[in-house]
Amino acid sequence: MLRLSCAFIWLLLTAACAGDTVQWSEIVYTGAPPEPVDSPRRIELAAMNACPASVRIAKAGDLTYAAWWQVRADSSVVLMVSRSPGGGSWSSPAIADSTDHGTRGCGRPAPSIAADSSSGYLHLAYFAEPMGGGGVFFAHSMDSAATFHAPVPIVYGKNPSRASVAGSGDRVVVAYEDPNATQPMIGIALSRTMGHIFERRMRATSENFRALQPVVRIAGDSILLWWSEYSPNPAISATRPMYRAGRWTR
């Protein structure tokens, strides 16, 4: 009976969110809001074998959180998280994800971290290579980074991909470089269940340009998305910052 009840609840949640979509504005080339920055200038990490360039931070109230990759002897990594109350000392790191079996060492995209003051949840999005296959994954903590739920796959693919995550109440958004696309593009995954289920995935950038390095935020019913646009000619390295807003609708 319990199994049937859980399945029934899951179906209700999925059905309630099945109509979710995003009404996007036009792409903004100039005059966009400044892109948020979650990479700190400097944080001293006590953990050995940490990848310093992978450190990312998020704040919620008086708490500051840090996430980073820690390298194992076989060049796979563990995703670690620590917290600092009121600018004080950092807590002992907690393991957010230890399933990676890749051999890239520190040569991988940094994780993304978001702290939601309204729910008290901590969200993470990142590229990892567990035994089941590489891809972009999501993990979250409901107890201020003391423990983490099992990772949820966003999209499978072998190409290392940057991701960005944002959360507000029941809503969570993950923006990611599609690890399977031949032409680099940014995808969006939507959840109305605090990240327990991602009910909708969609393309968020134009097919005509190479879109990389997403940064996403949530403001009310709006999704704010920044990325870097590269020339269709891979030999040209020039980039330009891009931005668009979307309204979450049903």
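Conventions and cut-offs
Residues numbered from 1 in each chain as written. Predicted model: local features only at pLDDT ≥ 70, side-chain atom pairs only at ≥ 80, totals over all residues. Heavy atoms only, no water. Phe/Tyr/Trp six-rings, centres within 6.5 Å; stacked < 30°, edge-to-face > 60°. Helix = DSSP H or I, 4+ residues; strand = E, 2+ residues; numbered from the N terminus. Buried < 20%, exposed > 50% of the residue type's maximum accessible area, 1.4 Å probe, protein only. Pairing = 2+ DSSP bridges. Core = buried A, V, L, I, M, F, W, Y, C linked by side-chain atoms within 4.5 Å. Contact = heavy atoms within 4.5 Å. Axes fitted to C-alpha atoms, helices over the stretch in contact; angles between N-to-C directions. Salt bridge = Lys/Arg side-chain N within 4 Å of Asp/Glu carboxyl O.

Visitor: Whenever I open this one, the packing of aromatic side chains confuses me. Can you help?
Guide: The geometry of an aromatic ring pair is captured by two quantities: the separation of the ring centres and the angle between the planes. Evaluated as defined, the whole model comprises five aromatic pairs. Measuring from ring centre to ring centre gives 5.8 Å for Phe137 and Tyr156, while their planes differ by 85 degrees; the resulting arrangement is edge-to-face. Here Phe137 is found in strand β8 (residues 135–141), whereas its partner Tyr156 is found in strand β9 (residues 152–156), with 19 residues between them in sequence. You can call Tyr156 partly exposed: its relative accessible area is 46%. Plain terms: the ring middles of Phe138 and Phe198 are 5.1 Å apart, the flat faces sit at 70 degrees to each other, and that makes the pair edge-to-face. Placement of the pair is Phe138 in strand β8 and Phe198 in the loop between β12 (186–191) and β13 (200–203), with a sequence separation of 60 residues. This pair shows no difference in class: Phe138 is buried, exactly as Phe198 is.

Visitor: Would you take a moment to explain the pairing of strand β11 (residues 171–177) for this structure?
Guide: Across the seven residues of β11, seven count as buried, placing the element largely inside the fold. Here β11 shows no split at all, with Arg171, Val173, Ala175 and Glu177 on one side and Val172, Val174 and Tyr176 on the other all buried. Where strand β10 (residues 163–168) folds back on β11, the antiparallel hairpin that results is connected by two residues, among which Gly169 adopts a positive phi of roughly 65 degrees. As judged from the six bridges shared by β11 and β12, these two strands associate in the antiparallel manner. Bridging across to β12, Ala175 finds its partner in Ile188.

Visitor: Which parts of the structure should I look at to understand the nonpolar core?
Guide: As a rule of thumb, nonpolar side chains are buried together in soluble globular proteins. In terms of nonpolar packing, the biggest core is built from 22 residues, with Val81, Ile113, Leu122, Leu124, Tyr126 and Phe148 touching the most fellow members. Elements with a contribution of two residues or more to this core: β2 (56–60), β3 (63–71), β4 (77–85), β5 (94–97), β6 (112–115), β7 (122–128) and β8. Not counting the four nearest positions on each side in its chain, Leu122 is found in contact with Tyr65, Val81, Ile113, Ala114, Ala115, Ala139, His140, Ser141, Ala145 and Phe148. Within the second largest apolar cluster, 18 residues are counted, among which are Ala175, Ala211, Ile223 and Trp248.

Visitor: Got a minute to help me understand the sheet that holds β7 in this structure?
Guide: In a beta sheet, neighbouring strands are held together by backbone hydrogen bonds and run either parallel or antiparallel to one another. The strand order across the open sheet built from four strands is β6-β7-β8-β9, with neighbouring strands paired in antiparallel fashion. Taken across any chain shown, the strands that pair with only one partner, and hence form the sheet edges, are β6 and β9. Averaged over all adjacent pairs, the angle separating strand axes in this sheet is 15 degrees, with direction ignored.

Visitor: How do you make sense of the pattern of salt bridges when you look at a structure like this?
Guide: A side chain with one charge can pair with a side chain of the opposite charge if their charged atoms come near. One pass over the full model with this rule turns up five salt bridges. We note a salt bridge from Arg108 to Asp100, for which the minimum N-O separation is 3.5 Å. An identical accessibility class is assigned to Arg108 and Asp100; each is buried. A salt bridge links Arg104 to Glu129, with the shortest nitrogen-to-oxygen separation between them at 2.9 Å. One end of the pair, Arg104, is in the loop between β5 and β6; the other, Glu129, is in the loop between β7 and β8, with 25 residues separating them in the sequence. What makes Glu129 buried here is its relative accessible area of 15%.

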